[in-house]
Amino acid sequence: MAGGAVLIAALIVTVVSIVGRALIFAGLAPIPGDFELVEAATAFAVLAFMPLCQFHRGHVTVDLFLTRAGRRPNALIDVATNLAMTGAAGVITWRLCLGMLDKRSYGETTFILQFPVWWSYAGALVGAAVFTLVCAYTVWRSLDEAKTGEARGGGKEIGAQ
Amino acid sequence: MSHLELGLWSFPILLGMIFLRVPIGLAMLAVGFFGTWLVTGSWIPILAQMKSLTYDTFSNYSLSIVPLFLLMGQFATRGGMSRALFKAAETWLGHRKGGVAMAAVGACAGFGAICGSSLATAATMGQVALPELRRYGYSGALATGCLAAGGTLGILIPPSVVLVIYAILTEQNIIKLFMAAMVPGVLAALGYMLTIAIYVRLKPGSAGQREPAGMGERLTALVAVWPVLAIFAVVIGGIYLGWFTPTEGAAVGAAGTGLVALANGGLSWRGLGEAITGTAVSTGMIFFIVLGATVYNGFLAFSQLPQEAATYVASMGVSPWLVLLSILLCYLVFGCVMDSLSMILLTIPIFFPIVSVLDFGLPLEEMALWFGVIVLIVVEVGLITPPVGMNLFVINAMAREVPLTQTYAGALPFVLSDMIRVAILLLFPTITLGLVRLLY
């Protein structure tokens with residue numbers, strides 16, 4: 001939800017900025033550095049959306065060849081892929097954290113607004129950390145499903161695209 | 001093993017993982033990650049890359065257009081505009097032979113102008129048009145087939161999420177790509193209508209008749225679709241005229257569609273929450289694939305496979321058309337099992353360098369636009385071909401009384417129409433490029 005709010009905020013910033021630019025003759029002005037805000041907001045929103053996608057089983061898979069394999073083998077594959085996903089999320093979070101520390105030690109700032117780049121990294125890092133935690137939860141959820149053979153723990157499937 | 005061999009081996013491994021139901025983004029990420037390790041012989045390059053790669057990919061200004069277009073599609077789905085579009089198309093076309101089905105296709109095309117996703121278009125128009133088609137006595141095969149096919153117009157008629165991704169991958173101008181897709185998109189809609197006209201004449205029992213609507217009713221229905229036209233004109237026109245960047249255009253479009261949905265009462269707090277969750281899940285899915293593809297393509301670049309493949313194909317001296325046809329055939333085959341976006345992200349980095357060294361008598365930029373539009377159409381055919389045609393599933397799930405085999409059969413004439421259109425567009429690149437040449 002925080003990610004959604006930020007996406008809407010980015011939308012509003014952009015629209016206000018266009019209106020500002022269109023009305024320069026009337027003494028208004030576009031928001032300076034609006035695209036820097038949008039970039040930072042998108043990065044934050046996207047990483048905040050990752051755990052949601054994982055929770056709702058939103059990632060695209062090709063189901064063609066294993067639909068006939070039965071419930072149990074498929075549930076075991078889910079455990080394996082969720083474990084792998086947790087590993088990937090862990091690596092992403094770990095490297096993002098180091099990347100943030102780099103940016104902080106260099107004191108890098110954005111071009112127009114001059115706010116430190118590591119702030120945006122820190123925002124994105126929160127999403128990545130939650131992503132890792134949710135991945136770990138889905139491992140547990142799929143283990144439970146493999147044991148009982150039933151769908152568990154909410155997160156109804158939401159159609160892709 | 002040489003770098004090149006590593007690059008080649010990555011395909012079967014990747015496909016194997018994907019067919020074992022590993023999420024496509026994760027499979028690309030893993031193969032790319034370990035592949036880079038093998039090619040460079042050290043963990044340091046890939047780990048150093050990962051420090052900034054995630055943030056840089058997700059904060060890419062051009063990519064921020066994607067969640068905004070998705071949000072716009074979500075608002076459009078809830079905004080009641082699908083009903084107005086169908087009503088307008090139906091009063092004008094409904095009395096013809098097969099007219100209600102033609103109206104469904106026309107309404108899909110109109111909806112595609114504010115929605116960049118095929119599944120959403122098929123699902124939204126299906127809800128509105130399917131009951132009407134059944135009411136006027138259209139057969140299950142024709143009703144579900146024409147809606148599944150009409151849904152693919154969602155992605156062909158701009159704005160289109162897949163075209164945005166293609167534009168970023170090949171460094172093309174997004175708005176020029178949108179312009180290039182416009183005429184083929186309209187042709188697609190006309191082709192589908194023609195298919196319906198032929199279909200109902202060959203199988204007279206498959207469609208019923210409807211009384212012609214009066215002129216007053218027609219005009220009222222037409223006036224009701226003005227928000228759709230206005231949003232489309234402002235977004236596409238505004239980007240073209242340079243009022244705003246494509247990302248800003250998407251923001252304006254999303255805001256506009258949101259306001260219309262709000263005015264129509266289609267957007268309660270709960271609806272807003274659902275729209276955002278839907279956007280969030282799709283965004284997460286798409287960006288994870290984008291991240292995986294970025295890592296995988298980095299590995300491919302290290303292995304030098306794309307350049308080598310391009311040099312090799314150029315030195316083979318076979319006809320460029322043969323190469324192009326083989327590539328399109330590849331897309332058709334994979335389209336049967338994979339979704340369009342993953343396919344584009346996975347294959348364009350390899351196929352595009354190959355195609356760009358071939359000579360079709362077009363400048364490189366025009367070739368890129370032409371190739372992109374044709375690939376998009378071919379990839380979309382996968383949505384209406386068995387066994388994994390997502391549009392067929394979506395529509396079939398709404399019409400419980402129609403067996404899936406009938407939906408397959410109903411979609412086949414439209415697949416044929418797609419094939420004919422691809423052949424025409426291949427033979428006459430001017431159809432695709434004419435509008436771009438005219439405007440720039």
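Residues numbered from 1 in each chain as written. Chains lettered and ligands numbered in written order. Predicted model: local features only at pLDDT ≥ 70, side-chain atom pairs only at ≥ 80, totals over all residues. Heavy atoms only, no water.

K.L.:
Can you break down helix α16 (residues 305–316) of chain B residue by residue, with the values?
P.N.:
Residues and elements named next belong to chain B. Its 12 residues give α16 an end-to-end C-alpha distance of 16 Å, which sits within 8% of 16 Å, the value for a rise of 1.5 Å per residue. For α16, the complete set of buried residues consists of L305, P306, A309, A310 and V313. Viewed along the axis of α16, the buried residues span an arc of 130°, placing them on a single side of the element. Relative to its buried face, α16 has exposed residues pointing more than 90 degrees away, namely T311, Y312 and S315. Buried residues in α16 make contact with α1 (3–19), α15 (269–303), α17 (320–335) and α18 (340–356). Looking one or two residues beyond α16, the residue adopting positive phi is G317, at roughly 75°. (Helix = DSSP H or I, 4+ residues; strand = E, 2+ residues; numbered from the N terminus. Expected span 1.5 Å × (residues − 1). Buried < 20%, exposed > 50% of the residue type's maximum accessible area, 1.4 Å probe, protein only. Arc of directions from axis to C-beta. Contact = heavy atoms within 4.5 Å.)

K.L.:
Which residues make up empty space enclosed by the protein, and what values go with them?
P.N.:
Residues and elements named next belong to chain B. Scanning the model with the defined rule gives three cavities of 30 Å³ or more in all. Lining the second largest cavity, in full, are T152, L153, L156, A188, Y192, L376, I377, E380, V381, D418 and R421. Broken down by element, the residue count for the lining of the second largest cavity peaks at four residues, all from helix α19 (residues 364–381). In terms of residue class, the lining of the second largest cavity is built from seven nonpolar, one polar and three charged. (1 Å grid on protein atoms, 1.4 Å probe; cavity = no way out; pocket = protein on both sides within 12 Å on 5 of 7 lines; lining within 4 Å. Points joined across faces, edges and corners; volume = space filled by probe spheres on them. Nonpolar A, V, L, I, M, F, W, Y, C, P; charged D, E, K, R; others polar.)

K.L.:
Tell me about unusual backbone geometry, residues and numbers included.
P.N.:
Residues and elements named next belong to chain B. Cis peptide bonds are those with omega within 30 degrees of zero, and the linkage from P158 to P159 qualifies with -5°. In this fold, P159 is placed in the loop between α9 (153–156) and α10 (161–170). For R21, which is not glycine, the phi dihedral falls at a positive 70°. Secondary-structure assignment places R21 in the loop between α1 and α2 (24–40).

K.L.:
Let's hear about α1(B): which residues, and what values?
P.N.:
Residues and elements named next belong to chain B. Helix length check: α1, at 17 residues, gives a terminal C-alpha distance of 25 Å against a target of 24 Å (1.5 Å per residue), a fit within 8%. Among the residues of α1, L6, G7, S10, L14 and I18 are the ones counted as buried. Residues of α1 that are buried make contact with α2, α15, α16 and α18. Positive backbone phi, at 70°, marks R21, one or two positions downstream of α1.

K.L.:
So what's going on with the pattern of salt bridges? Residues and values would help.
P.N.:
Summed over the entire model, instances satisfying the criterion amount to 11 salt bridges over all chains. Overlapping salt bridges, with partners in common, bring together R78(B), R270(B) and E274(B) in one network. (Salt bridge = Lys/Arg side-chain N within 4 Å of Asp/Glu carboxyl O.)

K.L.:
Describe the nonpolar core, listing the residues and the values that go with them.
P.N.:
Soluble globular proteins tend to pack their nonpolar side chains together in the buried interior. All names here are of chain B. In this structure, V66, L147, I286 and F371 are the most contacted members of the largest nonpolar core, which totals 188 residues. Element by element, the count of residues in this core is highest for helix α11 (residues 174–202), at 16 residues. When residues are assigned to domains, this core turns out to be shared by domain 1 (1–59 + 288–303) and domain 2 (60–267 + 304–439), each giving three or more. Setting aside residues up to four positions removed in sequence, F371 forms contacts with Y166, L324, I327, I348, F352 and V355. Core analysis: the next-biggest nonpolar cluster, separate from the first, contains six residues, F75, A261, L267 and I276 among them. (Core = buried A, V, L, I, M, F, W, Y, C linked by side-chain atoms within 4.5 Å. Domains from an automatic or database assignment.)

K.L.:
Would you mind going over the domain arrangement of chain B in detail, with residue names and values included?
P.N.:
All names here are of chain B. You can read the domains of chain B as domain 1 (1–59 + 288–303) and domain 2 (60–267 + 304–439). Centre-to-centre separation of domain 1 and domain 2, based on C-alpha positions: 31 Å. Listed per partner, the contact involves 23 residues of domain 1 and 18 residues of domain 2. For the domain 1 and domain 2 pair, buried surface summed over both sides reaches about 1,500 Å², with 77% attributable to carbon and sulfur atoms. The tally of links from domain 1 across to domain 2 stands at zero salt bridges. (Buried area = accessible area lost by both parts, 1.4 Å probe.)

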